[in-house]
Amino acid sequence: MAARASMLFAIPEREFVEEYGGVPYNAPHNGSVESIGDEMAISDNVVLGDGIQIFHPDLVNLYGCTIGAESKIGTFVEIQKGVQIGVRCKISSHSFICEGVTIEDGVFIGHGVMFTNDAHPRAVNTDGSLQDDNDWQVIETRVKRHASIGSGATILPGITIGEGAMVGAGAVVTKNVPDHAIVAGNPARVMGDARERS
């Protein structure tokens, strides 16, 4: 059963009371936002499944997203509004998962993985005015179940990474990755079949 972030921080067998100066890490602070001290960590509009592990909830930036049961979220991760993450996923530290991304069940995201959602990003319009949400369109990306994305990979928008696929560390993924393919390089190219390396 899912719960709002303000109701659930199930980090089994971890005690953070001493680490955070005698204040339980899941104690509500500053109204509707979970935080330690004055730092915002997890917005109250985040939906978390049971048994989520967020090892340093004061060192993440999660808002408007849904994260499935038993998933693990590392330090310095940002997950934006509208992102859907399945059950039993592992999101390693320093990764950025932007609006428009769907990650299915059992996916591994390595350290420092960057997703993008705009093929032609600009700060301003042609008249020099600052762009807002009405000036661009989110391009969706999907990572299918049991895929694995290596550390430092960059995923361009509009990509589907296939079921059981493996993306090598540092790869720049510019086109769809077939199911069970191993891809690497810049741009990422198929290098093999993950089923042959299991």
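Residues numbered from 1 in each chain as written. Predicted model: local features only at pLDDT ≥ 70, side-chain atom pairs only at ≥ 80, totals over all residues. Heavy atoms only, no water.

Asks: Hey, could you run me through the overall build of the chain in this one?
Replies: A tally of regular secondary structure across the chain gives zero helices and 23 strands. In the chain, 24% of the contacts between residues at least 6 apart in sequence involve partners at least 24 apart. A total of about 10,200 Å² of accessible surface is found on the chain, and carbon and sulfur atoms cover 50% of it. (Helix = DSSP H or I, 4+ residues; strand = E, 2+ residues; numbered from the N terminus. Contact = heavy atoms within 4.5 Å. Areas by Shrake-Rupley, 256 points an atom, 1.4 Å probe, with all protein chains shown as cover.)

Asks: Sorry, what's going on with the environment of G164 here?
Replies: Here G164 shows up in the loop between strand 19 (160-161) and strand 20 (166-167). What makes G164 buried here is its relative accessible area of 14%. Sequence separation between G164 and D193 is 29 residues, and the spatial gap between their C-alpha atoms is 9.5 Å. Those residues in contact with G164, other than ones at most four positions away along the chain, are R145, H146, A147, H180 and A194. (Buried < 20%, exposed > 50% of the residue type's maximum accessible area, 1.4 Å probe, protein only.)

Asks: Sorry, what's going on with the sheet that holds strand 23 (residues 189-193) here?
Replies: Note on sheets: strands pair through backbone hydrogen bonds, and any given pair is parallel or antiparallel. Across the sheet, which stays open at both edges, the eight strands sit in the order 5-8-11-14-17-20-22-23 with mixed pairing between neighbours. Pairing within the sheet leaves two strands with one partner each, and these edge strands are strand 5 (53-54) and strand 23. Relative to strand 14 (residues 108-109), strand 11 (residues 90-91) runs parallel, the two being bridged by two bridges. Bridge pairing in strand 14 links I91 to I109. (Pairing = 2+ DSSP bridges.)

Asks: Honestly, the nonpolar core in this entry has me stumped. Any pointers?
Replies: I79, I103, F115, I149 and I161 are the most contacted members of the largest nonpolar core, which totals 40 residues. F115 has contacts with F96, I97, C98, V101, I103, I109, T141, V143, I149 and I155, leaving out every residue within four places of it along the chain. (Core = buried A, V, L, I, M, F, W, Y, C linked by side-chain atoms within 4.5 Å.)

Asks: Which parts of the structure should I look at to understand unusual backbone geometry?
Replies: The bulk of non-glycine residues show a negative phi, and the bulk of peptide bonds are trans. Cis geometry is adopted by the peptide bond preceding P187, which originates at N186 and carries an omega value of 0 degrees. Its place among the elements puts P187 in the loop between strand 22 (181-184) and strand 23. Backbone geometry at E70 places phi at a positive 65 degrees, although glycine is not the residue there. Relative to the elements of secondary structure, E70 occurs in the loop between strand 7 (66-67) and strand 8 (72-73). Even without a glycine there, the phi angle at H94 is positive, about 65 degrees.

Asks: Is there a simple way to think about the pattern of salt bridges in this case?
Replies: In a structure, side chains of opposite charge can pair up when their charged atoms sit close to one another. On inspection of all chains with the given rule, the structure shows four salt bridges. Between D133 and K81 there is a salt bridge, with its nearest N and O atoms 4.0 Å apart. With a gap of 52 residues between them, D133 in the loop between strand 15 (114-115) and strand 16 (141-143) and K81 in the loop between strand 9 (78-79) and strand 10 (84-85) connect regions that are remote in the sequence. For D133, a relative accessible area of 55% corresponds to the exposed category. On the basis of relative accessible area, K81 is assigned to the partly exposed category, the value being 38%. Close ionic contact of R145 with E163 constitutes a salt bridge, the shortest N to O distance being 3.0 Å. (Salt bridge = Lys/Arg side-chain N within 4 Å of Asp/Glu carboxyl O.)

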